[in-house]
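Given next are the chains, with one letter for each unit.
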Amino acid sequence: MHDIKRLICIIPNNYKIIFLILLAMSIFLSVAEVIGVSIVMPFITLASNPEQIFNNVYSKAIFDYFSFKSSVTFIIYFGFVLVAFYICRIVYTILYNYFLNKFTFNLFNYYTNALFASYIKLPYAEFTKKNTSNLMRIITNETINLSIYIQNLLMIFVEIFTILLLYVVLLTIDWKMTIVLTVFIVFMVSVLIFFLRNKIKTEGAKRASVQSEFFKIVDEMFGNFKLLKFIKNNAKVSENFYKTSLMFSEVNILNNVLSNLPKILLENIGFTILVV
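Residues numbered from 1 in each chain as written. Predicted model: local features only at pLDDT ≥ 70, side-chain atom pairs only at ≥ 80, totals over all residues. Heavy atoms only, no water.

(A) Molecular detail of the packing of helix α3 (residues 40-48) against helix α6 (residues 71-120). Taken N-terminus to C-terminus, the directions of α3 and α6 make an angle of 155°; their axes are 10 Å apart at the nearest point. The pairing of α3 with α6 is recorded here as roughly antiparallel in orientation. For the element pair α3 and α6, the recorded crossing hand is left-handed. Here Val40, Pro42, Phe43, Leu46 and Ala47 of α3 lie close against α6, whose contacting residues are Phe74, Ile75, Phe78, Gly79, Leu82 and Tyr86. Split into classes, the residues belonging to the contact of α3 with α6 amount to 10 nonpolar, one polar and no charged. (Axes fitted to C-alpha atoms, helices over the stretch in contact; angles between N-to-C directions. Helix = DSSP H or I, 4+ residues; strand = E, 2+ residues; numbered from the N terminus. Parallel < 35°, antiparallel > 145°, perpendicular 65-115°, else oblique. Left-handed = near helix turned anticlockwise from the far one by under 90°. Contact = heavy atoms within 4.5 Å. Nonpolar A, V, L, I, M, F, W, Y, C, P; charged D, E, K, R; others polar.)

Dropping the structure here:
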């Protein structure tokens, strides 16, 4: 929670308004997702057994309000509404992703230019003490990572709000099964946090270190290119770069797997319990 607060605090004030708008859009997207999931089964039930229209208080009320002539007409209109809803949801999701990515990369542009401006204003004596490869890494890589973290924060909010709404729906259907599922998921989340939190932090620090070394080698190689041409055997330089590049790839693979592991495990375990 503390990290999330720090992440929000570093968002510029003019971008915070956009962030709040996207947050509101995220809530609406979550509602649309839950409605999309919840509305399919009633339609299948009514289409396979039209008599259920008159047995259900809600479908019966809609049937009477719009004065449908038959159950077949009701199902046809229901189908049209369902298709229209899904088309609108697709359009809204596309727009949401567009604005989300526009916000992310505008934020990246802001951070990159702010850092670049601060670096070029440094006194020469102070600049010579800096690691230029590290400065290059921060401008080109860490700023985009920071922007993506903020984007992921909004996506996490969508997932959490969607899950909460689905829980409300599940509680109305079978509250006992929902409580069992809740207890199990809380237990699994606690176990995952216990085992993976420190590992993810360690691998994240390792990724930053290897990435810094990667940029350092590239910077030194191109910065001393004339000297490099005098070296008859460039095999050692190439080998050093290959090892660092390979290590950087392996660290990123592990980071991405660990980042997606909790989501994959929870989704599959949750659906397995629901089926059982």
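(B) Molecular detail of the nonpolar core. Ranked by internal contacts, the top residues of the largest apolar core, which has 16 residues, are Phe19, Tyr96, Phe103 and Ile150. If we ignore the near neighbours within four places in the chain, the residues touching Tyr96 are Leu22, Met25, Ser26, Leu29, Leu154, Met155 and Val158. Counting residues in hydrophobic clusters, the runner-up holds seven residues, among them Phe63, Phe68, Phe74 and Phe78. (Core = buried A, V, L, I, M, F, W, Y, C linked by side-chain atoms within 4.5 Å. Buried < 20%, exposed > 50% of the residue type's maximum accessible area, 1.4 Å probe, protein only.)

(C) Spatial organisation of the confidence of the model for the protein. Looking at the protein, the pLDDT average stands at 77 and 82% of residues meet or exceed 70. Confidence, expressed as mean pLDDT per element, reaches its minimum in the protein at helix α10 (residues 225-230) with 60 and its maximum at α6 with 86. (pLDDT = per-residue confidence, 0-100.)

(D) Seen up close, the pattern of salt bridges. Applying the stated rule across the entire model yields two salt bridges. Ionic pairing is found between Arg89 and Glu33, a salt bridge with its closest N-O pair at 3.7 Å. Pair noted here: Arg89 is in helix α6 and Glu33 is in helix α2 (residues 13-38), with a separation of 56 residues, a long-range link. Note on Glu33: relative accessible area 27%, which makes it partly exposed. (Salt bridge = Lys/Arg side-chain N within 4 Å of Asp/Glu carboxyl O.)

(E) Representation of the packing of aromatic side chains. A complete count under the given rule lists 16 aromatic pairs for this structure. A centroid spacing of 5.2 Å and a plane angle of 90° characterise the contact between Phe43 and Phe78, whose relative ring orientation is edge-to-face. In this pair, Phe43 sits in helix α3 while Phe78 sits in helix α6, placing the two residues 35 residues apart along the sequence. Summarising the aromatic geometry, the rings of Phe68 and Tyr77 are spaced 5.5 Å apart at their centres and angled 50° between planes, so their arrangement reads as tilted. The exposure class assigned to Phe68 is buried, which follows from its relative accessible area of 17%. (Phe/Tyr/Trp six-rings, centres within 6.5 Å; stacked < 30°, edge-to-face > 60°.)

(F) Here's a closer look at the packing of α2 against α6. At a minimum axis distance of 10 Å, the contact between α2 and α6 shows a crossing angle of 155°. In terms of orientation, α2 and α6 fall into the roughly antiparallel class. Handedness of the crossing formed by α2 with α6: left-handed. Listed contacts from α6 to Tyr15, Ile18, Phe19, Leu22, Met25, Ser26, Phe28, Leu29, Ala32, Glu33, Ile35 and Gly36 of α2 are Phe85, Tyr86, Arg89, Tyr92, Thr93, Tyr96, Phe99, Leu100, Phe103, Asn106, Leu107 and Tyr110. A per-class count over the contact of α2 with α6 returns 18 nonpolar, four polar and two charged.

(G) Focus on a nonpolar patch on the surface. A grouping of Val83, Ile87, Val91, Leu95, Tyr98 and Phe99 is seen on the molecular surface, where their side chains present a nonpolar patch of about 560 Å² in accessible area. For Val91, the location among the structural elements is in helix α6. Look at Val91 and you get partly exposed, because its relative accessible area is 44%. (Patch = residues over 30% accessible without salt bridge, like charges linked within 9 Å, V, L, I, M, F, W, Y side chains within 5 Å. Areas by Shrake-Rupley, 256 points an atom, 1.4 Å probe, with all protein chains shown as cover.)

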